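Observations on the model geometry
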Amino acid sequence: MSAGIATLADVIIYFFVINFLFEHQRVYFGVYSASAHTLSLCVSYSCGVAVNFAITKYAVFNESTLAGKKQFSRFALIAFIGFFANYGLLRLFVEVFDFYPTPSRITSALSLGIAAYYIHKFFTFKIEST
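Below is a summary of the structure that appears in this document. (Residues numbered from 1 in each chain as written. Predicted model: local features only at pLDDT ≥ 70, side-chain atom pairs only at ≥ 80, totals over all residues. Heavy atoms only, no water.)

Let's talk about helix 1 (residues 2-21)
- A rise of 1.5 Å per residue sets the reference length of helix 1, with its 20 residues, at 28 Å; its end C-alpha atoms lie 27 Å apart and thus fit the reference within 8%.
- Along helix 1, the residues classified as buried are Ser-2, Ala-6, Asp-10, Val-11, Tyr-14, Val-17, Ile-18 and Asn-19.
- Just downstream of helix 1 lies Glu-23, where phi reads positive at about 50°. (Helix = DSSP H or I, 4+ residues; strand = E, 2+ residues; numbered from the N terminus. Expected span 1.5 Å × (residues − 1). Buried < 20%, exposed > 50% of the residue type's maximum accessible area, 1.4 Å probe, protein only.)

Section: the environment of Glu-23
- With respect to the element layout, Glu-23 can be found in the loop between helix 1 and strand 1 (27-29).
- Exposure remark for Glu-23: the relative accessible area of 51% places this residue in the exposed category.
- Remark: the alpha-carbon pair of Glu-23 and Leu-39, spanning 16 residues in sequence, is separated by 11 Å.
- The contacts of Glu-23, once residues within four sequence positions are left out, are Val-17 and Ile-18. (Contact = heavy atoms within 4.5 Å.)

What follows is the structure, given as structure tokens:
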């Protein structure tokens, strides 16, 4: 449920950012530019990670014996790796298969969510034996 709430927050933010902030247009930073779907992913994924960590730490794996800083460091590492997996899938769906960005974002998030749960269960929030 926590991942579902975080994914919902991520997708809603993604939808608003790509449609209303960037309006599906490339964004230029001097000589550099980025696609709207890439920048929207950066914004929405960051928000989703923050929501997911808070819910996961306090509601799902609240019996973890690891220190909060260590949990967050591990969570951030997994999120960093997950970002590039999401980015790769999003680019595949949008740029190669020409799918609409928001459904592509939903598909990429859901496809990686199950793996992330088990990684967090056995690595990020593991219960250390005494």
